[in-house]
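Given next are the chains, with one letter for each unit.
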Amino acid sequence: MPRLSEVIAALDTLWPPERAEGWDAVGTVCGEPDQEITRVLFGVDPVREIVDEAVKLGANLLVTHHPLYLRGTTTVAADTFKGRVVHTLIKNDIALHVAHTNADRADPGVSDALAGALDLRVVRPLVPDPTDPEGRRGLGRVCELDHPLTVRELAARAAARLPATAQGIRVAGDPEAVVRTVAVSGGSGDSLFDDVRAAGVDAFLTADLRHHPASEARAHSPLALLDAAHWATEWPWCELAAAQLDEISDRKGWGLRVHVSKTVTDPWTAHAASTETPNAMGAPN
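Reference entry: report on the structure contained in this document. Quick caveat, the model's predicted, so the values are computed rather than measured.

**Remarks on the overall build of the chain**
At step 1: Each helix and strand counted, the chain has nine helices and eleven strands in total.
At step 2: Its C-alpha atoms give the chain a radius of gyration of 20 Å, near enough to 19 Å, the size a compact globule of 285 residues would have.
At step 3: By the burial criterion, 48% of the 285 residues in the chain qualify as buried.
At step 4: On the chain, roughly 14,200 Å² of surface is accessible, and the fraction owed to carbon and sulfur atoms is 51%.
At step 5: Seen as two clouds, the 27 positive and the 40 negative side-chain charges of the chain have centres 1 Å apart.

**A look at the side chain of Thr 88**
At step 1: Its location among the elements puts Thr 88 in helix H3 (residues 81-91).
At step 2: Reaching out from Thr 88, the side chain makes a polar contact with the backbone oxygen of Arg 84 at a distance of 2.8 Å.

**Re empty space enclosed by the protein**
At step 1: Counted by the stated rule, this structure contains one cavity of 30 Å³ or more.
At step 2: The class makeup of the residues in the lining of the largest cavity is four nonpolar, four polar and one charged.

**Concerning the packing of aromatic side chains**
At step 1: This model, assessed by the stated rule, comprises three aromatic pairs.
At step 2: Judged by centre distance (6.3 Å) and plane angle (75°), the ring pair of Phe 42 and Trp 237 falls under edge-to-face. Linking Phe 42 in strand E2 (residues 39-43) with Trp 237 in helix H9 (residues 230-252), this pair joins segments that are 195 residues apart in sequence.
At step 3: Here the aromatic cluster, defined as three or more aromatic residues joined through ring pairs, consists of Trp 15, Phe 42 and Trp 237.

**Things to note about the nonpolar core**
At step 1: Trp 15, Phe 42, Leu 61, Val 182 and Trp 237 are the most contacted members of the largest nonpolar core, which has 53 residues in total.
At step 2: Of all the elements, H9 adds the most residues to this core, at nine residues.
At step 3: Excluding residues that lie within four positions of it along the chain, Trp 15 makes contacts with Phe 42, Ala 99, Asn 102, Ala 103, Ala 106, Trp 237, Ala 241 and Gln 244.

**Considering the layout of surface pockets**
Picture a little ball the size of a water molecule; that probe, rolled over the atoms, points out where space is still empty.
At step 1: Empty space within the largest pocket amounts to approximately 1,100 Å³.
At step 2: The dominant element in the lining of the largest pocket, judged by the number of residues it contributes, is strand E8 (residues 178-188), at four residues.

**Quick notes on the sheet that holds strand E9 (residues 203-207)**
At step 1: Strands sit in the order E5-E6-E8-E9-E10-E7 across an open sheet of six strands; the sheet is mixed. Since the sheet does not close on itself, it has two edges, and those belong to strand E5 (121-128) and strand E7 (170-172), each with one partner. For this sheet the average axis-to-axis angle between neighbouring strands, irrespective of direction, equals 25°.
At step 2: Examined bridge by bridge, E9 and strand E10 (residues 224-228) share five bridges and lie parallel to one another. Within the sheet, the bridge partner assigned to Ala 207 lies in E10 and is Ala 228.
At step 3: On top of the sheet, H9 reaches E8, E9 and E10; it is set at about 90° to E8, its chief contact.

**Notes on the pattern of salt bridges**
At step 1: According to the stated counting rule, one finds 16 salt bridges in the structure shown.
At step 2: Here Asp 52 and Arg 48 are joined by a salt bridge, their closest N and O atoms 2.9 Å apart. With Asp 52 and Arg 48 both in helix H2 (residues 48-57) and four residues apart, this pair spans about one turn of that helix.
At step 3: As a salt-bridge pair, Arg 210 and Asp 190 come within 2.8 Å of each other at their nearest N and O atoms. Of this pair, Arg 210 sits in the loop between E9 and helix H8 (211-220) while Asp 190 sits in the loop between E8 and helix H7 (193-199), placing them 20 residues apart in sequence.
At step 4: The exposed category is assigned to Arg 210, whose relative accessible area is 51%.
At step 5: Given a relative accessible area of 11%, Asp 190 falls into the buried group.
At step 6: One network of salt bridges, in which partners are shared, links Arg 3, Glu 6 and Asp 34.

Rules of the game
Residues numbered from 1 in each chain as written. Predicted model: local features only at pLDDT ≥ 70, side-chain atom pairs only at ≥ 80, totals over all residues. Heavy atoms only, no water. Helix = DSSP H or I, 4+ residues; strand = E, 2+ residues; numbered from the N terminus. Rg over C-alpha atoms; globule rule 2.2 N^0.38 Å. Buried < 20%, exposed > 50% of the residue type's maximum accessible area, 1.4 Å probe, protein only. Areas by Shrake-Rupley, 256 points an atom, 1.4 Å probe, with all protein chains shown as cover. Lys, Arg positive; Asp, Glu negative; His and termini not counted. Charge placed at Lys NZ, Arg CZ, Asp CG, Glu CD. Polar contact = N/O pair within 3.5 Å; in protein donor to acceptor, adjacent residues only side chain to side chain. 1 Å grid on protein atoms, 1.4 Å probe; cavity = no way out; pocket = protein on both sides within 12 Å on 5 of 7 lines; lining within 4 Å. Points joined across faces, edges and corners; volume = space filled by probe spheres on them. Nonpolar A, V, L, I, M, F, W, Y, C, P; charged D, E, K, R; others polar. Phe/Tyr/Trp six-rings, centres within 6.5 Å; stacked < 30°, edge-to-face > 60°. Core = buried A, V, L, I, M, F, W, Y, C linked by side-chain atoms within 4.5 Å. Contact = heavy atoms within 4.5 Å. Pairing = 2+ DSSP bridges. Axes fitted to C-alpha atoms, helices over the stretch in contact; angles between N-to-C directions. Salt bridge = Lys/Arg side-chain N within 4 Å of Asp/Glu carboxyl O.

Dropping the structure here:
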(Lines give C-alpha, C1' and ligand atoms only; values in the text may rest on other atoms or scores of the structure.)
Protein backbone atom coordinates (compact mmCIF):
# COMPACT_ATOMS: atom_id res chain seq x y z
CA MET A 1 0.00 0.00 0.00
CA PRO A 2 1.23 3.56 -0.68
CA ARG A 3 2.41 5.91 2.02
CA LEU A 4 0.64 9.21 2.61
CA SER A 5 3.58 11.10 1.10
CA GLU A 6 3.21 9.10 -2.13
CA VAL A 7 -0.52 9.75 -2.38
CA ILE A 8 -0.04 13.47 -1.66
CA ALA A 9 2.66 13.65 -4.34
CA ALA A 10 0.16 12.18 -6.81
CA LEU A 11 -2.57 14.63 -5.75
CA ASP A 12 -0.13 17.51 -6.13
CA THR A 13 0.38 16.55 -9.77
CA LEU A 14 -3.37 16.97 -10.27
CA TRP A 15 -3.66 20.19 -8.28
CA PRO A 16 -0.23 21.80 -7.81
CA PRO A 17 -0.34 23.89 -4.63
CA GLU A 18 1.59 26.72 -6.27
CA ARG A 19 -1.42 27.35 -8.54
CA ALA A 20 -3.63 28.27 -5.58
CA GLU A 21 -4.54 31.90 -4.95
CA GLY A 22 -2.18 33.73 -2.61
CA TRP A 23 -4.85 34.07 0.09
CA ASP A 24 -5.73 30.36 0.00
CA ALA A 25 -4.74 27.58 2.43
CA VAL A 26 -4.22 24.33 0.52
CA GLY A 27 -2.19 21.21 1.11
CA THR A 28 -1.92 18.70 3.94
CA VAL A 29 -3.39 19.83 7.25
CA CYS A 30 -2.48 16.77 9.31
CA GLY A 31 -1.11 13.27 8.77
CA GLU A 32 2.06 11.22 9.14
CA PRO A 33 4.01 11.11 5.84
CA ASP A 34 4.95 7.43 6.35
CA GLN A 35 1.42 6.31 7.20
CA GLU A 36 0.01 3.62 4.90
CA ILE A 37 -3.11 4.68 3.00
CA THR A 38 -5.77 2.14 2.06
CA ARG A 39 -9.03 4.11 1.88
CA VAL A 40 -9.73 7.71 0.84
CA LEU A 41 -12.87 9.82 1.27
CA PHE A 42 -13.61 12.94 -0.78
CA GLY A 43 -15.94 15.71 0.44
CA VAL A 44 -16.54 19.42 -0.01
CA ASP A 45 -16.32 20.57 3.62
CA PRO A 46 -14.00 19.45 6.45
CA VAL A 47 -16.82 19.56 9.00
CA ARG A 48 -17.65 17.16 11.83
CA GLU A 49 -20.21 15.18 9.83
CA ILE A 50 -17.67 14.38 7.11
CA VAL A 51 -14.93 13.55 9.60
CA ASP A 52 -17.29 11.21 11.46
CA GLU A 53 -18.12 9.58 8.12
CA ALA A 54 -14.40 9.07 7.46
CA VAL A 55 -14.02 7.44 10.87
CA LYS A 56 -16.98 5.13 10.29
CA LEU A 57 -15.69 4.24 6.82
CA GLY A 58 -12.22 3.42 8.10
CA ALA A 59 -10.59 5.99 5.81
CA ASN A 60 -6.93 6.93 6.33
CA LEU A 61 -7.16 10.06 4.20
CA LEU A 62 -9.84 12.71 3.84
CA VAL A 63 -9.56 15.07 0.87
CA THR A 64 -11.76 18.18 0.94
CA HIS A 65 -12.24 21.13 -1.36
CA HIS A 66 -12.68 23.72 1.37
CA PRO A 67 -9.85 24.49 3.79
CA LEU A 68 -10.22 23.83 7.50
CA TYR A 69 -8.24 26.91 8.53
CA LEU A 70 -8.45 29.52 5.80
CA ARG A 71 -7.47 32.49 7.94
CA GLY A 72 -5.12 30.75 10.35
CA THR A 73 -5.60 30.03 14.03
CA THR A 74 -3.80 30.14 17.36
CA THR A 75 -5.46 27.06 18.84
CA VAL A 76 -6.65 23.56 18.02
CA ALA A 77 -8.31 23.16 21.41
CA ALA A 78 -10.96 20.45 21.37
CA ASP A 79 -13.60 22.80 22.80
CA THR A 80 -13.72 24.60 19.42
CA PHE A 81 -15.48 22.89 16.54
CA LYS A 82 -12.44 23.06 14.25
CA GLY A 83 -10.18 21.91 17.05
CA ARG A 84 -12.48 18.95 17.64
CA VAL A 85 -12.15 18.08 13.94
CA VAL A 86 -8.35 18.08 14.26
CA HIS A 87 -8.44 15.94 17.42
CA THR A 88 -10.82 13.43 15.81
CA LEU A 89 -8.65 13.16 12.71
CA ILE A 90 -5.42 12.63 14.63
CA LYS A 91 -6.90 10.20 17.16
CA ASN A 92 -8.19 8.05 14.29
CA ASP A 93 -5.03 8.27 12.15
CA ILE A 94 -6.84 10.14 9.37
CA ALA A 95 -4.87 12.60 7.27
CA LEU A 96 -6.57 15.71 5.86
CA HIS A 97 -5.57 17.23 2.52
CA VAL A 98 -7.14 20.30 0.89
CA ALA A 99 -7.36 21.21 -2.82
CA HIS A 100 -9.21 24.51 -3.19
CA THR A 101 -8.39 27.23 -5.74
CA ASN A 102 -5.67 25.02 -7.20
CA ALA A 103 -8.50 22.58 -8.05
CA ASP A 104 -10.61 25.47 -9.37
CA ARG A 105 -7.86 26.37 -11.86
CA ALA A 106 -7.00 22.78 -12.83
CA ASP A 107 -7.67 21.03 -16.13
CA PRO A 108 -9.97 19.32 -15.48
CA GLY A 109 -11.15 21.20 -12.42
CA VAL A 110 -14.17 22.20 -10.37
CA SER A 111 -15.96 24.06 -13.17
CA ASP A 112 -15.34 21.22 -15.65
CA ALA A 113 -17.10 18.88 -13.23
CA LEU A 114 -19.97 21.35 -12.88
CA ALA A 115 -20.28 21.66 -16.66
CA GLY A 116 -20.20 17.87 -16.99
CA ALA A 117 -23.01 17.47 -14.46
CA LEU A 118 -25.15 19.77 -16.63
CA ASP A 119 -24.18 18.13 -19.95
CA LEU A 120 -22.51 21.32 -21.18
CA ARG A 121 -19.67 21.29 -23.69
CA VAL A 122 -16.67 23.19 -22.38
CA VAL A 123 -15.23 25.62 -24.94
CA ARG A 124 -12.55 27.44 -22.91
CA PRO A 125 -11.75 28.82 -19.46
CA LEU A 126 -13.69 31.91 -18.43
CA VAL A 127 -10.54 33.46 -16.91
CA PRO A 128 -7.54 31.76 -18.56
CA ASP A 129 -4.45 30.99 -16.50
CA PRO A 130 -1.67 33.05 -18.15
CA THR A 131 0.89 30.38 -17.23
CA ASP A 132 -0.88 27.75 -19.37
CA PRO A 133 0.31 27.96 -23.00
CA GLU A 134 -2.44 25.55 -24.09
CA GLY A 135 -5.16 27.82 -22.69
CA ARG A 136 -7.03 25.06 -20.88
CA ARG A 137 -6.52 25.98 -17.23
CA GLY A 138 -8.19 28.86 -15.41
CA LEU A 139 -11.21 29.94 -13.40
CA GLY A 140 -14.72 29.11 -14.62
CA ARG A 141 -15.64 27.71 -18.00
CA VAL A 142 -17.39 29.03 -21.10
CA CYS A 143 -19.73 26.34 -22.39
CA GLU A 144 -22.21 25.52 -25.12
CA LEU A 145 -25.51 23.71 -24.74
CA ASP A 146 -26.20 20.56 -26.74
CA HIS A 147 -29.33 22.36 -28.00
CA PRO A 148 -30.93 25.71 -27.13
CA LEU A 149 -32.97 25.90 -23.94
CA THR A 150 -34.99 28.61 -22.30
CA VAL A 151 -33.67 30.03 -19.06
CA ARG A 152 -36.50 28.21 -17.30
CA GLU A 153 -35.51 24.90 -18.88
CA LEU A 154 -31.83 25.40 -18.05
CA ALA A 155 -32.74 26.14 -14.44
CA ALA A 156 -34.85 22.98 -14.34
CA ARG A 157 -31.93 20.97 -15.73
CA ALA A 158 -29.61 22.38 -13.07
CA ALA A 159 -32.12 21.64 -10.33
CA ALA A 160 -32.44 18.06 -11.56
CA ARG A 161 -28.75 17.36 -12.17
CA LEU A 162 -27.10 19.03 -9.17
CA PRO A 163 -27.44 17.63 -5.64
CA ALA A 164 -30.69 18.69 -4.00
CA THR A 165 -30.46 21.58 -1.55
CA ALA A 166 -32.97 23.77 0.27
CA GLN A 167 -32.15 26.70 -2.00
CA GLY A 168 -32.59 24.98 -5.33
CA ILE A 169 -31.88 27.32 -8.27
CA ARG A 170 -32.68 31.06 -8.21
CA VAL A 171 -33.08 32.85 -11.55
CA ALA A 172 -32.65 36.49 -12.58
CA GLY A 173 -33.83 37.40 -16.06
CA ASP A 174 -36.53 36.50 -18.53
CA PRO A 175 -37.43 32.83 -17.90
CA GLU A 176 -38.36 32.41 -21.57
CA ALA A 177 -35.15 33.87 -23.02
CA VAL A 178 -33.22 31.41 -25.20
CA VAL A 179 -29.83 30.18 -23.97
CA ARG A 180 -27.16 28.77 -26.28
CA THR A 181 -23.98 29.62 -24.37
CA VAL A 182 -23.37 29.51 -20.62
CA ALA A 183 -20.54 30.49 -18.32
CA VAL A 184 -20.21 28.36 -15.19
CA SER A 185 -18.14 28.78 -12.06
CA GLY A 186 -18.26 26.43 -9.10
CA GLY A 187 -18.56 28.27 -5.79
CA SER A 188 -18.90 32.04 -5.33
CA GLY A 189 -18.84 33.66 -8.77
CA ASP A 190 -20.03 37.25 -8.58
CA SER A 191 -16.46 38.57 -8.74
CA LEU A 192 -16.36 37.29 -12.35
CA PHE A 193 -19.12 39.41 -13.88
CA ASP A 194 -16.74 41.51 -16.02
CA ASP A 195 -15.27 38.30 -17.47
CA VAL A 196 -18.74 36.83 -18.04
CA ARG A 197 -19.88 39.94 -19.92
CA ALA A 198 -16.68 39.91 -21.99
CA ALA A 199 -17.37 36.26 -22.91
CA GLY A 200 -20.69 37.28 -24.50
CA VAL A 201 -22.63 34.32 -23.11
CA ASP A 202 -26.39 34.14 -22.67
CA ALA A 203 -26.37 32.93 -19.06
CA PHE A 204 -24.13 32.55 -16.03
CA LEU A 205 -24.56 29.70 -13.54
CA THR A 206 -22.69 29.97 -10.24
CA ALA A 207 -23.38 30.34 -6.51
CA ASP A 208 -23.58 32.93 -3.72
CA LEU A 209 -24.82 35.77 -5.91
CA ARG A 210 -25.28 38.91 -3.82
CA HIS A 211 -27.99 41.55 -4.33
CA HIS A 212 -25.92 44.50 -5.58
CA PRO A 213 -23.55 42.65 -7.94
CA ALA A 214 -26.47 40.69 -9.40
CA SER A 215 -28.61 43.83 -9.78
CA GLU A 216 -25.77 45.69 -11.49
CA ALA A 217 -25.04 42.74 -13.77
CA ARG A 218 -28.67 42.69 -14.89
CA ALA A 219 -28.59 46.46 -15.50
CA HIS A 220 -25.54 46.07 -17.76
CA SER A 221 -27.00 43.44 -20.10
CA PRO A 222 -29.79 40.87 -20.61
CA LEU A 223 -27.48 38.20 -19.15
CA ALA A 224 -29.54 35.57 -17.31
CA LEU A 225 -28.27 34.57 -13.87
CA LEU A 226 -28.73 31.14 -12.28
CA ASP A 227 -27.75 31.01 -8.62
CA ALA A 228 -27.30 27.54 -7.09
CA ALA A 229 -26.14 26.52 -3.62
CA HIS A 230 -22.37 26.84 -3.14
CA TRP A 231 -22.01 23.25 -1.95
CA ALA A 232 -24.06 21.88 -4.85
CA THR A 233 -21.90 23.55 -7.51
CA GLU A 234 -18.71 22.10 -6.04
CA TRP A 235 -19.83 18.59 -5.08
CA PRO A 236 -19.50 17.23 -8.67
CA TRP A 237 -15.75 17.88 -8.37
CA CYS A 238 -15.57 15.24 -5.62
CA GLU A 239 -16.69 12.58 -8.09
CA LEU A 240 -14.24 13.83 -10.72
CA ALA A 241 -11.36 13.94 -8.21
CA ALA A 242 -12.16 10.47 -6.89
CA ALA A 243 -12.13 9.10 -10.44
CA GLN A 244 -8.75 10.76 -11.06
CA LEU A 245 -7.26 9.18 -7.93
CA ASP A 246 -8.81 5.83 -8.84
CA GLU A 247 -7.03 5.98 -12.20
CA ILE A 248 -3.70 6.80 -10.53
CA SER A 249 -4.21 3.99 -8.01
CA ASP A 250 -4.90 1.47 -10.79
CA ARG A 251 -1.90 2.62 -12.81
CA LYS A 252 0.44 2.39 -9.84
CA GLY A 253 -1.07 -0.84 -8.50
CA TRP A 254 -1.97 0.72 -5.15
CA GLY A 255 -5.40 -0.85 -4.78
CA LEU A 256 -6.85 2.18 -2.98
CA ARG A 257 -10.52 2.19 -2.08
CA VAL A 258 -11.82 5.64 -3.00
CA HIS A 259 -15.18 6.99 -1.84
CA VAL A 260 -17.23 10.18 -2.28
CA SER A 261 -19.30 11.50 0.60
CA LYS A 262 -22.94 12.05 -0.25
CA THR A 263 -23.59 13.83 3.04
CA VAL A 264 -25.14 17.25 2.37
CA THR A 265 -23.07 19.87 4.17
CA ASP A 266 -24.82 22.88 2.65
CA PRO A 267 -25.65 25.02 5.73
CA TRP A 268 -29.20 25.84 4.60
CA THR A 269 -31.73 23.21 5.65
CA ALA A 270 -35.17 24.51 4.62
CA HIS A 271 -36.84 26.88 2.18
CA ALA A 272 -40.23 28.60 2.45
CA ALA A 273 -41.41 29.89 -0.90
CA SER A 274 -43.17 33.25 -1.05
CA THR A 275 -46.95 32.87 -1.20
CA GLU A 276 -47.38 35.52 -3.93
CA THR A 277 -45.84 35.69 -7.39
CA PRO A 278 -42.90 38.14 -7.29
CA ASN A 279 -43.98 41.72 -8.06
CA ALA A 280 -47.67 40.77 -7.92
CA MET A 281 -48.46 42.59 -4.68
CA GLY A 282 -45.45 44.84 -4.18
CA ALA A 283 -43.63 45.30 -0.88
CA PRO A 284 -45.65 45.05 2.35
CA ASN A 285 -46.90 48.32 3.83
